[in-house]
Structure formats: structure tokens, C-alpha cells
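Okay, here's what each chain looks like letter by letter:
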Amino acid sequence: MFDIQHIRNQFPILDQSVNGKPLVYLDNAATSQKPLAVLNAWQKYYTEINANVHRGIHTLSQLATEEMELSRRKIQKFINAEHDFEVIFTRGTTEGINLLAYSLTAWLKKDDEIIISYLEHHSNIVPWQMLCERTGAKLKVIPIDSDGILQIDFVEKNLSEKTRLISVNHVSNALGVVNPVEEIIALARKNSDALIVIDGAQAAPHFKIDVQQLDCDFYVFSGHKMYAPMGTGILYGKEKILRELPPFHGGGEMIATCSFDKTTYADLPFKFEAGTPNVGGNIALGAAADFIESIGHQHLQNHENALLEYAQQKLLELDGLRIYGEKATRTGVVSFNLEGIGIASDVGMILNKIGIAVRTGHHCTQPIMAFFEIAGTVRASFAVYNTFEEIDILVEGVRKAQRMLS
Ligand code: PLP
């Protein structure tokens, strides 16, 4: 049974007033709130266990190691990876992509091609541009149509032996569009030996990820958007490729032997986890995966899709409101502007005065904003604890902003 009040009770932060009004938190694509199970896992680590992992013989160090490795296995199950050592703990999506862009330097040479899409977050653009600068490779960008839908015939037309890498997001953070990554992967497998990276930052909080079924080479996401603490995340990679890739950071934990003549690297996953990890955060990330699974992916998805549909329908009742990506399959996000009101942040400020938290601006996706010839949008984004009443409050707030600003 899906019991929204039971779920909300697990998020004490929601039970507060902002500017004298009950908080309506609709900025979940930026970061979600954390349930008690996650906060408790984090607190338990710091109050009962705190010790460094992997290198201690004493009891607390062994406990910390066991808990963190248990969490790795929870994430393995969460994304259906074949092996737990294919799950690398990172600080988040940005670090995962930078790790890859650095470690894949030798995979590319001058005039090779990397395909990304128009819908990417800056963190799935800039690391690849930096890689192109280092290697002389070129970026190619899958275009979108006026609904923000990827034109994937571009992939078919542009795949060649030069295509060495494809990196696309599973769900767009600016529009919420769910991208046809399965089709892109199938095309790529048929026509190239490109490596495939999926940025799942906005997918992991919303639906079941199955990396084996997807058949991607790498999958990255951040913990903090899926109810886990900030500074957590994972990079999944297929064993064979991870074994061949050189490490990203050098330091403690990532070596097998170290001498001044020669250093050899540790086995997976530690080769990619130099330095002291975020042990408490990584343990709490496992608790976040448990939290999602305790609700059930199907329940969570049904609720969030119903919220999105309701929000879209109600918002479109307002004159002159445009939703970007309106006709695309979407999850978790409604991104809009009001006709004649050029500055999205003006709307955001009025909403904040009545307790509603939304994000305004370019959402770290300036190319999408340039495509639509706008400076930014108002983005309301949903999590499992949001309610239909909150959507009504949002719609009333937008109506008020429209009255005040026009
Ligand atoms: N990719 C997408 C699709 C995102 O939405 C975000 C964050 O909003 C990122 C990457 C970067 O995530 P982080 O800042 O957690 O590293």
C-alpha cells in the first residue's frame, strides 16, 4: 500500500513553515530531502562506528568496512550490476563523468568523435570538451525538436569507426524528458565499437535502473538526488573495461604495491577510489536504496507520474503558460515560463514568499536555453513525498505571480 502520510512522516524537514507558509518543496531535481532511515544510517556510523575503512585490524575499522561494502552490494542490486566491484563510490555524477573523461584519454585520438546530446547538463558536456582539447577528438551533438525530443536518426547517420564514445543522459534535468537510451545503445552496438556512458542523475530517483538490461558500459548518478547525503554517488562500469582503464586519482587505497621504482594498482573497485572515502555517506547511500525499494519502484513511479500529469494539466489552464517538452515522455519535472514575463526568477521569488521552493534559471543546461531562445525556466520537480495539494498550492502561486508581474 502506498501511504503518502507514512512517507511524509519520514521526512521531518518537510514539516516546517517558510515565510509563514507551510513549506512546499518542489526543487527535488536539484536535491531531494533525506528520510529518517538515511539520516539514522549516517548518524549511526558517526556515533557508533566512525573509523577508516579497509586498512584497520581493529573492530571499528572492520565494522566500517563491512557496512560500506554492504552498501556497495545494495547499490549493485539497486542497478542490477553483475558484480559488486563494478560499483565505484564517487562524490556524485560530476566526479563520475570527470573520472571517465580523464581515464579514457588514451581511448581517443585526433579526429575521433564523441556523441552527446543537446539535452545534457554541463557536467556531461564540459568534461568531454576538456577531453577533446587534450586529444583532438571532436564533439557531435544529437539535436532535439521543439518538444525537446532527441532526433536519434542523427545517431544512425553519424555513427562511424570514428565514434569512440557516446554519453547521454537518461532523463533531462531541465525538461524531465526521458531519453530513448535503449534505442541509442542498440544503434551504437550495431554500428560501432563506441563506449556508452549514461548519466542517470535524474533517473535513479525515479525508476528502476538495470544496467545489464541496458547494456551500457558506464552508468553514473548522484546520491543526493535520490534521498542520500550530498557528496555521494556511483560510477558503474563493466568489469572488462574498468580493468583496462587507468586510474583517475592516485594516492592511498588505490595501490597494490608502491615503491619509488614502480607502483602497481589495487584490484577493482579500489583502483578508482583513492584516498579516504565518504564512509558515512556511502553507508547512507545504501540506506537510500533500501528506502526506495521499501516503497517499491512501481508505487513510486505511479505516484510521481500522477503528480506530473496533474501538475501539467492544472498549469496549462493558466493563460500564456508554456511547458517545455510538453509532448515528450517525461518524469519528475515540469519546466515552464509565463508569456510576457521574461525573468523566471521573478516568479520563483514570488513563489518563495508563499513557501514554495522551485528552481529558476538555466539549470546548468545553457545549450537547451539557447535552443528555446530563453534565459531560463521555472522548474518544479517532484519526489515521492509530494502531494496533489502541493500542486494546487503551486498552481495558485503561479497564478498570483502572473497577476503581480503582468
Ligand atoms: N547530470 C544531470 C542530468 C543532473 O541533473 C545533474 C545535477 O543536477 C548532474 C549531472 C550533476 O550532478 P552533481 O552536481 O550531483 O554532480
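Only a predicted model underlies this, so the values are computations on that prediction, with no experimental measurement involved.

A complete count under the given rule lists 14 aromatic pairs for this structure. Their ring planes at 75° and their centres at 5.5 Å tell us that F11 and F291 sit as a pair that is edge-to-face. Taken as a pair, F11 in the loop between α1 (4-9) and β1 (17-18) and F291 in helix α10 (residues 279-295) lie far apart in primary sequence, 280 residues in all. For the pair shown, F11 and F291 are each scored as buried. Ring geometry for Y102 versus F248: centroids 5.5 Å apart, planes at 50°, classification tilted. Note that Y102 is positioned in helix α4 (residues 93-103) and F248 in the loop between α9 (239-244) and β11 (255-258), a separation of 146 residues in sequence. Given a relative accessible area of 22%, F248 falls into the partly exposed group. Among the aromatic residues, those joined into a cluster by ring pairs are F11, Y227, F291 and Y385. Here the basic side chain of R243 rests over the ring of F85, its NZ or CZ set 5.4 Å away from the ring centre.

Quick look at the sheet that holds strand β16 (residues 359-361) now. With antiparallel pairing, four strands are arranged side by side in an open sheet as β13-β14-β17-β16. Every interior strand has two partners, whereas the edge strands, β13 (321-323) and β16, have only one. With direction set aside, neighbouring strand axes in the sheet form an average angle of 30°. Across three bridges, β16 lies against strand β17 (residues 377-381) in antiparallel orientation.

Counted according to the given criterion, the structure contains 23 salt bridges. Here D27 ties to R379 by a salt bridge, and the two come within 3.7 Å at their closest N and O atoms. Here D27, found in the loop between β3 (24-25) and α2 (36-49), pairs with R379, found in strand β17; they are 352 residues apart in sequence, far enough to count as distant. Comparing D27 with R379, the two get one shared label, buried. Salt-bridge contacts for E95 lead to R91; the nearest nitrogen and oxygen are separated by 3.2 Å. We classify R91 as exposed; its relative accessible area is 59%. Taken together, the salt bridges that share partners define one network made up of K109, D112, R164 and D193.

Take the packing of α4 against helix α5 (residues 126-135) next. One way to put it is that α4 packs onto α5 with a least axis distance of 9 Å and a crossing angle of 15°. Taken together, the axes of α4 and α5 lie roughly parallel to each other. Crossing angle aside, the handedness with which α4 passes α5 is right-handed. Here I97, N98, L100, A101 and Y102 of α4 lie close against α5, whose contacting residues are P127, W128, L131 and R134.

Ordered in space as β4-β10-β9-β8-β7-β5-β6, the seven strands form an open sheet in which the pairing is mixed. Each having just a single partner strand, β4 (87-90) and β6 (138-142) make up the two edges of the open sheet. Sheet twist, expressed as the mean angle between neighbouring strand axes with direction ignored, is 20°. Pairing of strand β5 (residues 113-117) with β6 involves five bridges; the strand directions are parallel. By the bridge assignment, I114 is partnered in β6 with L139.

Moving on, we get to the domain arrangement of the protein chain. Taken domain by domain, the protein chain consists of domain 1 (39-293) and domain 2 (296-405). Taken together, the contact pairs 30 residues of domain 1 with 32 residues of domain 2. The contact between domain 1 and domain 2 buries some 2,400 Å² in all, and 63% of this surface belongs to carbon and sulfur atoms. Counting the surface domain 1 buries against domain 2, the share from its top three residues, H122, L175 and H206, is 25%. The tally of links between domain 1 and domain 2 comes to zero salt bridges.

Criteria and cut-off values
- Residues numbered from 1 in each chain as written.
- Predicted model: local features only at pLDDT ≥ 70, side-chain atom pairs only at ≥ 80, totals over all residues.
- Heavy atoms only, no water.
- Phe/Tyr/Trp six-rings, centres within 6.5 Å; stacked < 30°, edge-to-face > 60°.
- Helix = DSSP H or I, 4+ residues; strand = E, 2+ residues; numbered from the N terminus.
- Buried < 20%, exposed > 50% of the residue type's maximum accessible area, 1.4 Å probe, protein only.
- Lys NZ or Arg CZ within 6 Å of the ring centre and 35° of its normal.
- Pairing = 2+ DSSP bridges.
- Axes fitted to C-alpha atoms, helices over the stretch in contact; angles between N-to-C directions.
- Salt bridge = Lys/Arg side-chain N within 4 Å of Asp/Glu carboxyl O.
- Parallel < 35°, antiparallel > 145°, perpendicular 65-115°, else oblique.
- Left-handed = near helix turned anticlockwise from the far one by under 90°.
- Contact = heavy atoms within 4.5 Å.
- Domains from an automatic or database assignment.
- Buried area = accessible area lost by both parts, 1.4 Å probe.

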